[in-house]
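Each chain is listed here by its residues.
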Amino acid sequence: MAEAGTEITGYKTFFVGADSSILPEAVLEDLIVYGYEAYRLQESSTKVLIQKLELAAQLFPSSIFFFYIDLPLEGIQWSELILRFIKNHQDSVRIGIMYTKRSMEGERLAIENLYNAMKIQCGFIPLNLKRSQNFPLILQHLEECGARGKRKHIRVSCGASSTATFFIREAGRRIPATMMDYSINHFSCIMTDVDIMPPYDTHEDVLIQTSGLRFRTDCKKIMERDAQNGKLFVFVFLQKDGSTGLTDDTRFKVQSKIYELSTEPTRTLLQDAYTEFLKRKRDGITMEATCTQAVQEVKLAHSARHS
């Protein structure tokens, strides 16, 4: 069952058992550009992997989990692990399978028949040995699964000191604005002195300073509305030739920062939950029950910090 709002914000996607040789960090970062929030869930210890998998499922219901079934496990088969996971979380998560493409059709059919019998919802991603060919395959599959929800871009909020400065050269002045958020495609800001803003929509050489980033860009206004402390504007980034977006050098920096800021809270929450899990491990208490206690504790602590 999807949580309220997930269709708009998108769904977290976890690639379970896929290490950096299968799914490099650059691939996860590139997925951000297309509006997908994705994570690797991989550990050298099978026991730790299973524990973190359970924590992730409880922390982030409505997520999508793709299991890379060619990773060797200790003491358990992937089919057994996935069947147990489905039994525990079939009403709250969706599941898909990743595997290295088989040369024999019979092997492929055996894999897909086995997991189709478990009624997985997100199908199969057969990976190529040539890793560079896998990104469009993964991208297409996430699109088919609706992992992006209704959003087009991932936005990150700005700190209080973030600014956008508009240089109005013909008038010899600069107009400061407070940055609110940004994506790889656009940014929003609030201006308090709107009367001095020129009437045209396109602006050249706007200076953006936020989240440790500092860059200049052209932009075009696509929306404005009244706000409590001024007027809120939304601008799309433009290149010098008038095409939408940022120049390559700037785009790579902004993309990297968006990936860092958008995924850090999830990584931190999962690590905090695992630390709490280790504190609570006791003989006679199931792993799932201990995970539930740990998740409840970190959620309470997180709510208290943000209240």
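**Description of the confidence of the model for the chain**
Averaged over all residues, the pLDDT of the chain equals 92, while 96% of them reach at least 70. Predicted confidence in the chain is weakest over helix α1 (residues 6-9), with a mean pLDDT of 64, and strongest over strand β3 (residues 64-68), with 98.

**Section: the packing of aromatic side chains**
Going through the model one piece at a time under the given rule, you end up with 15 aromatic pairs. Taking the centre distance of 5.2 Å and the plane angle of 70° together, the rings of Phe65 and Phe85 count as edge-to-face. Of the two residues, Phe65 sits in strand β3 while Phe85 sits in helix α4 (residues 78-89), which places them 20 residues apart along the sequence. Pairing Phe187 with Phe235 gives two aromatic rings, centres 5.3 Å apart and planes at 20°, and the pair type is stacked. Of this pair, Phe187 sits in strand β9 (residues 186-191) while Phe235 sits in strand β12 (residues 230-238); the two residues are 48 residues apart in sequence, bridging distant segments of the chain. In this structure Phe187 comes out as buried when scored by relative accessible area, which is 0%. In this structure Phe235 comes out as buried when scored by relative accessible area, which is 0%. Here a set of aromatic residues connected by ring pairs shows up, and it is made of Phe14, Tyr39, Phe60, Phe65, Phe67, Trp78 and Phe85. When the ring centre of Tyr274 is taken as origin, the NZ or CZ atom of Lys52, which lies over that ring, is 4.8 Å away. Its guanidinium or amino end placed over the ring of Tyr11, Arg94 lies 5.0 Å from that ring's centre, counting from NZ or CZ.

**Points about helix α3 (residues 46-59)**
Between the first and last C-alpha of α3 there are 20 Å, a value that for 14 residues agrees with the 20 Å anticipated at 1.5 Å per step. The buried fraction of α3 amounts to 13 of the 14 residues, a majority that puts the element mostly inside the structure.

**Remarks on the sheet that holds strand β1 (residues 12-16)**
Taken in spatial order, the 5 strands line up as β2-β1-β3-β4-β5 in an open sheet, and their pairing is parallel. In this open sheet, the two edge strands, each paired with only one partner strand, are β2 (37-41) and β5 (124-127). For this sheet, the mean inter-axis angle between neighbouring strands, taken without regard to orientation, is 20°. Pairing of β3 with strand β4 (residues 94-100), which is carried by 5 bridges, proceeds in the parallel orientation. By the bridge assignment for β4, Phe66 is matched with Gly96.

**Focus: helix α2 (residues 25-33)**
Burial in α2 covers these residues: Val27, Leu28, Glu29, Leu31, Ile32 and Val33. Just past α2, the residue Gly35 takes up positive phi, approximately 90°.

**Describing the side chain of Gln51**
Within the element layout of this structure, Gln51 appears in helix α3. Overall, the relative accessible area of 6% leaves Gln51 in the buried class. The residues contacting Gln51, other than those within four sequence positions of it, are Tyr274, Phe277, Lys281, Met287 and Cys291.

**Some remarks on the pattern of salt bridges**
Side chains that differ in charge, positive against negative, can pair when their charged atoms come close. A full pass over the atoms with the stated rule returns 20 salt bridges. Where Arg108 meets Glu105, a salt bridge forms, and the shortest distance between an N and an O atom there is 2.3 Å. Here Glu105 and Arg108 lie together in helix α5 (residues 105-116), a separation of 3 residues that amounts to about one turn. Judged by relative accessible area, Arg108 falls into the partly exposed class, the value being 25%. In this structure Glu105 comes out as partly exposed when scored by relative accessible area, which is 46%. With a closest N to O distance of 3.6 Å, Arg251 and Asp248 form a salt bridge. One end of the pair, Arg251, and the other, Asp248, are both in helix α7 (residues 248-280), 3 residues apart, so they sit about a helical turn from each other. What makes Arg251 partly exposed here is its relative accessible area of 24%. Each of Asp201, Lys221, Glu224, Asp226 and Lys231 takes part in salt bridges that share partners, so that together they form one network.

Scoring rules and cut-offs
- Residues numbered from 1 in each chain as written.
- Predicted model: local features only at pLDDT ≥ 70, side-chain atom pairs only at ≥ 80, totals over all residues.
- Heavy atoms only, no water.
- pLDDT = per-residue confidence, 0-100.
- Helix = DSSP H or I, 4+ residues; strand = E, 2+ residues; numbered from the N terminus.
- Phe/Tyr/Trp six-rings, centres within 6.5 Å; stacked < 30°, edge-to-face > 60°.
- Buried < 20%, exposed > 50% of the residue type's maximum accessible area, 1.4 Å probe, protein only.
- Lys NZ or Arg CZ within 6 Å of the ring centre and 35° of its normal.
- Expected span 1.5 Å × (residues − 1).
- Pairing = 2+ DSSP bridges.
- Axes fitted to C-alpha atoms, helices over the stretch in contact; angles between N-to-C directions.
- Contact = heavy atoms within 4.5 Å.
- Salt bridge = Lys/Arg side-chain N within 4 Å of Asp/Glu carboxyl O.

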